[in-house]
Amino acid sequence: MKKLLSTVAVLLLPALLLTVAPAVHAADSPIKLTYSIFFPPSHGQCQAAVAWAEEIGKRTNGRVQIQVFPAGTLTKAKQCYDGVVNGISDIGMSVFAYTRGRFPVMEALDLPLGYPSGLVATRAANAFYAKFQPKELAQVKLLYLHAHGPGLLHTKRPVKTMADMEGMKIRSTGLSAKIVEKLGGVPVAMPQPSTYEALQKGVVEGTFGPIEVLKGWKQGEVIQSTTDCRGVGYTTAMFVVMNRGKWEKLPADVQAVFTEVSREYVDVHAGQEHHARNCGRRDPIEDFGGAGSPFLKSLDHQFSWCRKVFDFSG
């Protein structure tokens, strides 16, 4: 009997080891995730995202490894959200306005409310989502939101008055297209990665965007003038989302790390350090105008600009 049991044990041992070994290996293997970002590697937003990913890895003691794909190399800006939903990437960062009408509740953040800074706009965006939690984002796990500072008008020729704007082809997205229309221009929809070439080739004559696009997207090389129209300053809300299935498979302690680090990086993305790094100055909007650059104040015309834009129903 003993001899029979010994024989059975010898025969079963390899099978038992094959069963246990993969489980042990799986427990020791890191969780590998992909992160699609449309910003180029040199842009401060991409650098902040890379730092976020590294911080996740650090606080999980290497249990989570996030591979960042910048500059739309995994999914383009417009396809980023669906790419996360469909599992092309595990995490994605892009802009709500690039798919106009897809996120009607979140688009309210992009209205020209005169946001004074990216920090204010970003905190407003996260507070807005926390309060309303729109169902339009139910397919994914929202990690956090961020938003840029006041959208300014960057053009290939000076725009000092509304008359100068008449008929100009201006790159815009989402609700900023309506701002262009109200100011007499012709909106041309396109994401930031396409804007430099469009300006260079004359497809558009200007673009609406925050001051940091001049360095972060190198658009300062192809524009001649920036008009300070902060009185109608809109923002563009950006999302960082994760595939819901991947999120639900994460251990609870790892989910807690994602939540904690994401909460901290809300201000990192929108903070003044980021804007200063992109523009090379502590106060990018004011200092840009005082550094010999073609920066045009439109404060004398601010009220007429505001009246035009705030008549938004037509």
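Nothing here was measured: the structure is a model prediction, and the numbers come from that model.

Undergrad: Can you walk me through the overall build of the protein chain in this structure?
TA: In terms of helices and strands, the protein chain carries 13 helices and 11 strands. Every one of the 314 residues in the protein chain was classed for burial, and the buried ones make up 49%. Partitioning the intrachain contacts of the protein chain with sequence separation of at least 6 by distance along the chain shows that 75% fall at a separation of at least 24. Surface accessibility of the protein chain: about 14800 Å² in total, with carbon and sulfur atoms responsible for 58%.

Undergrad: I would appreciate a short explanation of the nonpolar core in the present structure.
TA: What tends to happen in soluble globular proteins is that the nonpolar side chains get buried as a cluster. Core analysis: the largest hydrophobic core is formed by 42 residues, its most contacted members being Y35, W52, I66, I91, L143 and F258. Counting residues per element, this core draws most heavily on helix α10 (residues 252-270), at 6 residues. If sequence neighbours within four positions are ignored, L143 has contacts with W52, I91, V240, V241, M242, W247, F258 and S262. Y81, A121, Y129 and V241 belong to the second-largest nonpolar core, a separate cluster that totals 18 residues.

Undergrad: Quick question: what am I supposed to make of the confidence of the model for the protein chain here?
TA: In regions of low pLDDT, the predicted coordinates are not meant to be interpreted in detail. When pLDDT is averaged across the protein chain, the result is 83; 77% of the residues are at 70 or more. Across residues 20-26, confidence stays below pLDDT 50; counting only partners more than four residues off in sequence or on other chains, it has 1 contact. Predicted confidence is poor over residues 272-284, with pLDDT under 50, and the contacts of this stretch with residues over four places away or in other chains come to 34 contacts.

Undergrad: I keep staring at helix α2 (residues 44-59) and nothing clicks. Help me out?
TA: Note: α-helices contain 3.6 residues per turn, so residues at a spacing of three or four share the same orientation. The terminal C-alpha atoms of α2, which comprises 16 residues, lie 22 Å apart, in line with the 22 Å expected from a rise of 1.5 Å per residue. Within the sequence span of α2, burial applies to G44, Q45, C46, A48, A49, W52, A53, E55, I56 and G57. Directly beyond the C-terminal end of α2, a positive phi value near 55° is found at N61.

Undergrad: What's the story with the pairing of strand β4 (residues 140-147) in this structure? I'm lost.
TA: A regular strand places its side chains so that they alternate between the two faces of the sheet. Burial within β4 is extensive, with 7 of its 8 residues counted as buried. Pairing of β4 with strand β10 (residues 237-243), which is carried by 7 bridges, proceeds in the antiparallel orientation. Bridge pairing in β10 links L142 to V241.

Undergrad: Would you mind showing me how to read helix α4 (residues 118-132) here?
TA: When the terminal C-alpha atoms of α4 are compared, their 21 Å separation across 15 residues agrees well with the 21 Å that a helix rising 1.5 Å per residue should span. Three or more residues of α4 are buried, namely G118, A121, T122, A125, N126 and Y129. Down the axis of α4, the sector holding all buried residues measures 130°, keeping them to one side. A positive phi of about 40° marks Q133, the residue just after α4.

Undergrad: Would you mind going over the layout of surface pockets with me for this structure?
TA: Take a probe with the size of a water molecule and roll it over the atoms, and the empty space left behind shows itself. The volume enclosed by the largest pocket comes to roughly 320 Å³. Forming the walls of the largest pocket are 15 residues, and the residues nearest its centre are K141, L142, L143, Y144 and T259. Contributions of two or more residues to the lining of the largest pocket are made by α4, β4 and α10. Its residues placed into classes, the lining of the largest pocket shows 9 nonpolar, 3 polar and 3 charged.

Undergrad: Can you help me understand the pattern of salt bridges in this one?
TA: Side chains carrying opposite charge are able to pair once their charged atoms draw close together. Across all of its chains, the model carries 11 salt bridges by this definition. Note that E205 is salt-bridged to R157, the shortest N-O span being 3.0 Å. In this pair, E205 sits in the loop between α7 (195-201) and β8 (206-209) while R157 sits in the loop between β5 (152-155) and α5 (162-165), placing the two residues 48 residues apart along the sequence. You can call E205 partly exposed: its relative accessible area is 21%. A salt bridge links E197 to K201, with the shortest nitrogen-to-oxygen separation between them at 2.6 Å. One end of the pair, E197, and the other, K201, are both in helix α7, 4 residues apart, so they sit about a helical turn from each other. If you follow the salt bridges from partner to partner, you end up with E55, K58, R59, E260 and E264 in one network.

Undergrad: I'm lost on the sheet that holds β10 in this one. Help?
TA: As summarised here, the arrangement of the 5 strands in space is β2-β1-β3-β10-β4, forming an open sheet in which the pairing is mixed. Edge positions in the sheet fall to β2 (64-69) and β4, since each has one partner strand and no second. Ignoring which end each strand starts from, the neighbouring axes of this sheet average 20° apart. On top of the sheet, α2 reaches β1 (31-37), β2, β3 (91-95), β4 and β10; it is set at about 165° to β2, its chief contact.

Undergrad: When you look at the pairing of strand β7 (residues 186-189) in this model, what are you seeing that I'm missing?
TA: Across 4 bridges, the pairing between strand β6 (residues 169-172) and β7 is parallel. In the sheet register, R171 faces β7, and the bridge partner there is V188. Tracing the backbone out of β6, into helix α6 (residues 176-182) and back to the parallel element β7 gives a crossover that is right-handed.

Criteria and thresholds
- Residues numbered from 1 in each chain as written.
- Predicted model: local features only at pLDDT ≥ 70, side-chain atom pairs only at ≥ 80, totals over all residues.
- Heavy atoms only, no water.
- Helix = DSSP H or I, 4+ residues; strand = E, 2+ residues; numbered from the N terminus.
- Buried < 20%, exposed > 50% of the residue type's maximum accessible area, 1.4 Å probe, protein only.
- Contact = heavy atoms within 4.5 Å.
- Areas by Shrake-Rupley, 256 points an atom, 1.4 Å probe, with all protein chains shown as cover.
- Core = buried A, V, L, I, M, F, W, Y, C linked by side-chain atoms within 4.5 Å.
- pLDDT = per-residue confidence, 0-100.
- Expected span 1.5 Å × (residues − 1).
- Pairing = 2+ DSSP bridges.
- Arc of directions from axis to C-beta.
- 1 Å grid on protein atoms, 1.4 Å probe; cavity = no way out; pocket = protein on both sides within 12 Å on 5 of 7 lines; lining within 4 Å.
- Points joined across faces, edges and corners; volume = space filled by probe spheres on them.
- Nonpolar A, V, L, I, M, F, W, Y, C, P; charged D, E, K, R; others polar.
- Salt bridge = Lys/Arg side-chain N within 4 Å of Asp/Glu carboxyl O.
- Axes fitted to C-alpha atoms, helices over the stretch in contact; angles between N-to-C directions.
- Right-handed = clockwise from strand over helix to strand, strands pointing away.

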